Amino acid sequence: MDSHITICPSTLYTGTPVVLISTLNADGTANLSPASSAWALGDMVVIGLENGGQTLSNLRARPELTINYPHGDMWESVESLGDLTGASPVPPHKEDRYRFESDKFGVSELTPQQSTSVKVPRVEECPLQLEAVVEKITDGVGDYAIVEARVTQVHAEESIVLPGTQHIDTRSWSPLLYAFKHYFSLGKHLGQRPGVA
Ligand SMILES: Cc1cc2nc3c(=O)[nH]c(=O)nc-3n(C[C@H](O)[C@H](O)[C@H](O)COP(=O)(O)O)c2cc1C
């Protein structure tokens, strides 16, 4: 007996960390957008971005970014950016839901913080912040591109770092997760790989 049933869910967002990506607009101001299609391997972060968004056009023109990981309790700030785009005019496929906003830091009440290796600001309220430089953008099979960026600097709030080490204190670190368009924070600690700090 198969206990599974066949379904057609509206999304396949199974539950990945949310990041806030900041990029530089042509006029030198900063854009800020939520994304959840991002993962890391070594010092590379790979991000899936829809065509037509301001984040992707900024990265094609100015290949620097910051990748900021909000704490779980910041979900409402993230959501306040959900229907905004820094693209003007708003791309036709987004017109029904999205509106243009030039000051996404202001709208979300988040604070730009100067970076150390890129010109793009970090998000001060995010406990974990990565500065990165784009190395490759590949057009996807669907209406998206795959951005590969090398991390040039990592900033972690002292409260999430194990004292005297380079390691994140996983008991203090609670990323915001996005599962089937619902926001969650981490559940209980289940275990760890032997020999891993
Ligand atoms: C929690 C969350 C996660 C999202 N993840 C992605 C993503 O991984 N890739 C993407 O292209 N858009 C994602 N979006 C949608 C973009 O944030 C949205 O298209 C936004 O308008 C992009 O802004 P921009 O045009 O200024 O770049 C996500 C939105 C939310 C609220």
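- As recorded in an unreviewed UniProt entry, the protein goes by Flavin reductase family protein and comes from Scrofimicrobium canadense.
- Turning to the protein, the UniProt record has this under Sequence similarities (unreviewed entry): "Belongs to the flavoredoxin family."
- A UniProt comment under Cofactor (unreviewed entry) is attached to the protein, and it reads "FMN".

1. Some points on the site of the ligand
Here comes step 1: In the neighbourhood of the ligand, 21 residues make up the surrounding shell, with T55, L84, T85, G86 and K104 lying closest.
Here comes step 2: Between a nitrogen atom of the ligand and a main-chain N or O atom of S36, the distance comes to 2.9 Å.
Here comes step 3: In this structure, an oxygen atom belonging to the ligand sits 2.8 Å away from a main-chain N or O atom of E50.
Here comes step 4: Surface burial for the ligand is 91%, taken as the share of its 640 Å² of free accessible area covered by protein chains.
Here comes step 5: Judged by its atoms lying within 2 Å of the grid points, the ligand is housed in the largest pocket.

2. A closer look at the pairing of strand β11 (residues 128-139)
Here comes step 1: As paired strands, strand β6 (residues 64-69) and β11 are joined by 6 bridges and run antiparallel to one another. By the bridge assignment for β11, T66 is matched with E131.
Here comes step 2: The antiparallel pairing of β11 with strand β12 (residues 144-156) creates a hairpin that spans 4 residues between the two strands.

3. What about unusual backbone geometry?
Here comes step 1: A cis amide bond, omega 0°, links S88 with the succeeding residue P89.
Here comes step 2: One can find P89 in the loop between β7 (84-85) and β8 (99-100).
Here comes step 3: Positive phi is not limited to glycine here, since F180 has a value of about 50°.
Here comes step 4: Considering the arrangement of structural elements, one finds F180 in the loop between β13 (177-179) and β14 (182-184).
Here comes step 5: The phi dihedral of K181 falls on the positive side, at around 65°, and the residue is not glycine.
Here comes step 6: Note on K181: relative accessible area 48%, which makes it partly exposed.

4. Comments concerning the UniProt feature "domain: Flavin reductase like" (unreviewed entry) in the protein
Here comes step 1: Under the local residue numbering, the UniProt record ascribes the feature "domain: Flavin reductase like" (unreviewed entry) to residues 15-186.
Here comes step 2: Taken end to end, residues 15-186 has its terminal C-alpha atoms 10 Å apart, with 10% of it in helix and 41% in strand.

5. Side note on the sheet that holds β13
Here comes step 1: Spatially, 3 strands are ordered β1-β13-β14 in an open sheet, and the strand pairing comes out antiparallel. Only two strands of the sheet have a single neighbouring strand rather than two, namely β1 (16-17) and β14.
Here comes step 2: In this structure, β1 lies alongside β13, joined through 2 bridges in antiparallel fashion. Paired with P17 across the two strands is L177, which belongs to β13.

6. Here's the deal with a nonpolar patch on the surface
Here comes step 1: On the surface, V141, Y144 and I146 cluster together into a nonpolar patch covering about 300 Å² of accessible area.
Here comes step 2: Examined against the element boundaries, Y144 turns out to sit in strand β12.
Here comes step 3: Under the relative-accessibility criterion, Y144 is labelled partly exposed at 35%.

7. As for the side chain of Q129
Here comes step 1: Note on placement: Q129 falls in strand β11.
Here comes step 2: Residue Q129 is classed as buried on the basis of its relative accessible area of 4%.
Here comes step 3: Polar side-chain contacts of Q129 include one of 2.8 Å to the side chain of R122.
Here comes step 4: Of the polar contacts made by the side chain of Q129, one reaches the backbone oxygen of V123; its length is 2.9 Å.

8. As for the sheet that holds strand β5 (residues 44-50)
Here comes step 1: Pairing is antiparallel across the open sheet formed by 7 strands, whose spatial order is β3-β2-β6-β11-β12-β5-β4. Of all strands in the sheet, those bounded by a partner on one side alone are β3 (30-35) and β4 (38-41). Pairwise comparison of adjacent strand axes, ignoring direction, gives a mean angle of 30° for this sheet.
Here comes step 2: Taken together, the 7 bridges between β5 and β12 define a ladder with antiparallel strand orientation. By the bridge assignment for β12, I47 is matched with V147.

Criteria and thresholds
- Residues numbered from 1 in each chain as written.
- Predicted model: local features only at pLDDT ≥ 70, side-chain atom pairs only at ≥ 80, totals over all residues.
- Heavy atoms only, no water.
- UniProt positions renumbered as here; feature names shortened; annotations may be inferred.
- Near = heavy atom within 4 Å.
- Polar contact = N/O pair within 3.5 Å; in protein donor to acceptor, adjacent residues only side chain to side chain.
- Areas by Shrake-Rupley, 256 points an atom, 1.4 Å probe, with all protein chains shown as cover.
- 1 Å grid on protein atoms, 1.4 Å probe; cavity = no way out; pocket = protein on both sides within 12 Å on 5 of 7 lines; lining within 4 Å.
- Sits in = over half its atoms within 2 Å of the grid points.
- Pairing = 2+ DSSP bridges.
- Helix = DSSP H or I, 4+ residues; strand = E, 2+ residues; numbered from the N terminus.
- Buried < 20%, exposed > 50% of the residue type's maximum accessible area, 1.4 Å probe, protein only.
- Patch = residues over 30% accessible without salt bridge, like charges linked within 9 Å, V, L, I, M, F, W, Y side chains within 5 Å.
- Salt bridge = Lys/Arg side-chain N within 4 Å of Asp/Glu carboxyl O.
- Axes fitted to C-alpha atoms, helices over the stretch in contact; angles between N-to-C directions.

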